[in-house]
Protein chains: 2
Amino acid sequence: MAETPAAITETLLMGPGPSCIHPDVYKAIAQYTVGHLDPRFIAIMDRTKERLQKVIGTTNKLTIPISGTGSSGMETCLVNLLEKDEKILILINGVFGMRMKDLATRLGAQVDTLEFAWGTPVKPDQVKQKLSENHYDMVAIVHAETSTGVCNPVEEVGKLVADSGALYFVDTVTSLGGMRVTMDEWKIDALFSGTQKCLSCPPGLAPLSFSPKALEKMQNRSTPIPSWYFDLTLITKYWEGAKRVYHHTAPVNMIYALDAALGVILDEGLEKVYARHAKTHEFLVQGLSSLGLPMLVEEPYRLPMLNAVKVPEGVDEAEVRSRLLKEFDIEIGAGLGPLAGKIWRIGLMGHTACEASVERLTKALQKILNK
Amino acid sequence: MAETPAAITETLLMGPGPSCIHPDVYKAIAQYTVGHLDPRFIAIMDRTKERLQKVIGTTNKLTIPISGTGSSGMETCLVNLLEKDEKILILINGVFGMRMKDLATRLGAQVDTLEFAWGTPVKPDQVKQKLSENHYDMVAIVHAETSTGVCNPVEEVGKLVADSGALYFVDTVTSLGGMRVTMDEWKIDALFSGTQKCLSCPPGLAPLSFSPKALEKMQNRSTPIPSWYFDLTLITKYWEGAKRVYHHTAPVNMIYALDAALGVILDEGLEKVYARHAKTHEFLVQGLSSLGLPMLVEEPYRLPMLNAVKVPEGVDEAEVRSRLLKEFDIEIGAGLGPLAGKIWRIGLMGHTACEASVERLTKALQKILNK
């Protein structure tokens, strides 16, 4: 028998996601469920698409949430746009670049990679060199590497990829809603994200957008799309047009929540939201510094919303996380892969990103570490 | 610009799903989000698995909800268990059998089918004949064909399949929680469902269970699993064992909701729940009969929770549905495929299945049809 679960209390979510959620979003998710073809729900779908376009910085018509968590967005992009035996270059400096490689390999693509040390960014010079030597159908990069706290130069790489003719595929799971993402300006062809990071919505959906160039590729494939659930040629018939055609039953209440979460962001204003993330990040770095806790990533490449902090010598990192949760109702994240045991990952995402969160965390850390 | 969506009011959901939702489930879905590795959440995951086992009638260890809507469960079963060039027999008598065929074809399987007229059940004699003539790696059937309201003889076919050595794959999206489903007794190897039918939870998750025989097949595949998001060899590392390994960020609030919805069913008791569905179905058939509305399916093959009703000659079926929704806050469903325009689909699923729902619907239909 499973243990009776302990009561769920409000927790300060400062891990790699989920993040804290605005009361309006909790209210939205518990609205009455209606049918997935109900005109009132279709109006909410339409508004969600418009709001997503604004946050993503795009006019792409195909801009929708996929009915799965963030990683389902990665899979949707690749199953629709990358065919067997096509050539993809994946720029890897953390777990999520590795995940792209895993998935592209399963799809039977010819996978080439450029790898950079975890904790350092992708280097555009090396990308330029690689693109001059080879032809690729697609180039893939992670904007905000959640496993290391590194920001990759998506805009700069985008110019190189556009010159090469390849499709440009970007993971914005952790960056979207917390720092500037301008899909059209940056010449991105396929982008996906997750709801539980800077959008401050519960996990469960993957916002996605395709450029006209990506759409054209999808419509001119030479092989069938290998997935039914993620087939965007079918899904768009449900999300677009005057007459909606049933594909799968949309996750109605999750879409209520995403719509509300996007509304909260747009009400504050994107520029203000980005500035709040940046300012809170600086406040956190100062606070950690005063506790003698150094950052993993060099200053120019740090993400505002995901802060990788080195665990001091002799400290049991899991014990610290466990005490933070049990004694202080604060969650922070562990390291992944080669960084397991070596770093903590402190999230400042969406509704979590405010000075009060940082103060509560640094005070708790001070007590636990006896500083 | 999208229209500002109209307010969402409580709607009597009598379509093919989603169904009406218990207040406890709305309360659960809006509980505070916590981390996907939080011990309190892991205890809820464990309880959800146990509750699912009870409702599915199985002791299978691998019994979990997949992080997508019902159809993602179909895709998860097939990508894990059916390899390229393997032979599958699909028993088709409606939309959801067709969907299995579509998906198995995309996976490169050798697909054989037995088709039966929509509105009539699968005939075990023909299945027996087919199994005696061919070897199959898998046989697939839909328990409750949501597109027609037909109940297929899953138990009877299960005996034939077990004798043949093939894996037995069953879609219980619409049946689970509304009529008897006993996976182990019926010798089912892979089963999936959806949350928004008789489980009376919002759409967004796909309960799934694999028998030891299915597990063995998955572990002894000769080709890699073509999907990353639905790869159960990875997903189970997050759902099982003392140390949980991150795969994707679980849809935390949806799992709160499913856990609560299963709790509501088990509190009432499975036998009572089934009896309530059966009784309400009979009450509906009587009510429709008194309005001169005949059923599509012959009496012995009717599902209790999905009632296909013939649209009378000369009646604009879409107009009736639209008036029911706008004037009476009642949703019923349209026909699909060859049955579009010819039938209505009236759901009596989960929390919707009570006499008061039937009375409200029949009164409204009486007014609209001027009976």
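The rules behind the values
- Residues numbered from 1 in each chain as written.
- Chains lettered and ligands numbered in written order.
- Predicted model: local features only at pLDDT ≥ 70, side-chain atom pairs only at ≥ 80, totals over all residues.
- Heavy atoms only, no water.
- Phe/Tyr/Trp six-rings, centres within 6.5 Å; stacked < 30°, edge-to-face > 60°.
- Helix = DSSP H or I, 4+ residues; strand = E, 2+ residues; numbered from the N terminus.
- Buried < 20%, exposed > 50% of the residue type's maximum accessible area, 1.4 Å probe, protein only.
- Contact = heavy atoms within 4.5 Å.
- Buried area = accessible area lost by both parts, 1.4 Å probe.
- Salt bridge = Lys/Arg side-chain N within 4 Å of Asp/Glu carboxyl O.
- Polar contact = N/O pair within 3.5 Å; in protein donor to acceptor, adjacent residues only side chain to side chain.
- Patch = residues over 30% accessible without salt bridge, like charges linked within 9 Å, V, L, I, M, F, W, Y side chains within 5 Å.
- Areas by Shrake-Rupley, 256 points an atom, 1.4 Å probe, with all protein chains shown as cover.
- Lys, Arg positive; Asp, Glu negative; His and termini not counted.
- Charge placed at Lys NZ, Arg CZ, Asp CG, Glu CD.
- Least-squares fit on C-alpha atoms with pLDDT ≥ 70 in both.

**A word on the packing of aromatic side chains**
For the coordinates displayed, the defined rule picks out 15 aromatic pairs over all chains. Each ring, one from Tyr229(A) and one from Phe230(B), has its centre 6.0 Å from the other, and the planes form 65°; the classification is edge-to-face. You can see Tyr229(A) sitting in the loop between helix H7 (212-219) and helix H8 (232-239) and its partner Phe230(B) sitting in the loop between helix H7 (212-219) and helix H8 (232-239), one on each of two chains. Each member of the pair, Tyr229(A) as well as Phe230(B), is classed as buried. Three or more aromatic residues joined by ring pairs make a cluster, and in this case those are Tyr229(A), Phe230(A), Tyr229(B) and Phe230(B).

**Looking at the interface of chain A and chain B**
A common way to express how large an interface is: the accessible area buried when the components associate. Taken together, the contact pairs 69 residues of chain A with 69 residues of chain B. Between chain A and chain B, roughly 5800 Å² of surface is buried when both sides are summed, and carbon and sulfur atoms account for 63% of that area. Three residues, Ile8(A), Arg106(A) and Trp228(A), lead the burial of chain A against chain B; their summed loss comes to 14% of the area buried on that side. In this structure, Arg106(B) and Asp231(A) form a salt bridge, with 2.8 Å as the shortest nitrogen-oxygen distance. Summed over the shared surface of chain A and chain B, the result is 26 residue pairs in polar contact (both at pLDDT 80 or more).

**Some thoughts on the pattern of salt bridges**
Tallied over the full model, the rule gives 33 salt bridges over all chains. In this structure, Glu271(B) engages Arg180(B) in a salt bridge whose closest nitrogen and oxygen atoms are separated by 3.0 Å. In this pair, Glu271(B) is assigned in helix H10 (residues 270-290) and Arg180(B) in the loop between strand S8 (167-171) and strand S9 (190-192), connecting sequence segments 91 residues apart. Of the residues examined, Arg180(B) reaches a relative accessible area of 40% and is grouped as partly exposed. Via salt bridges that share partners, Asp46(A), Lys49(A) and Arg244(A) belong to a single interconnected network.

**Here we look at a negative patch on the surface**
A cluster of like negative charges, contributed by Asp125(A), Glu155(A), Glu156(A), Asp184(A) and Glu185(A), occupies part of the molecular surface. By secondary structure assignment, the location of Glu156(A) is in helix H6 (residues 154-164).

**Some thoughts on the relation of the copies chain A and chain B**
Between the two copies, chain A and chain B, the superposition gives an RMSD of 0.0 Å; the rotation angle is 180° and the shift along the axis is 0.0 Å. With respect to symmetry, the two chain copies, as superposed, fit the operation of a two-fold axis. Proximity to the rotation axis, assessed at the C-alpha, singles out Gly68(A) in chain A; its C-alpha lies 2.5 Å from the axis. Residue by residue, 100% of the interface of chain A is reproduced at the interface of chain B, so both copies engage with the same surface.

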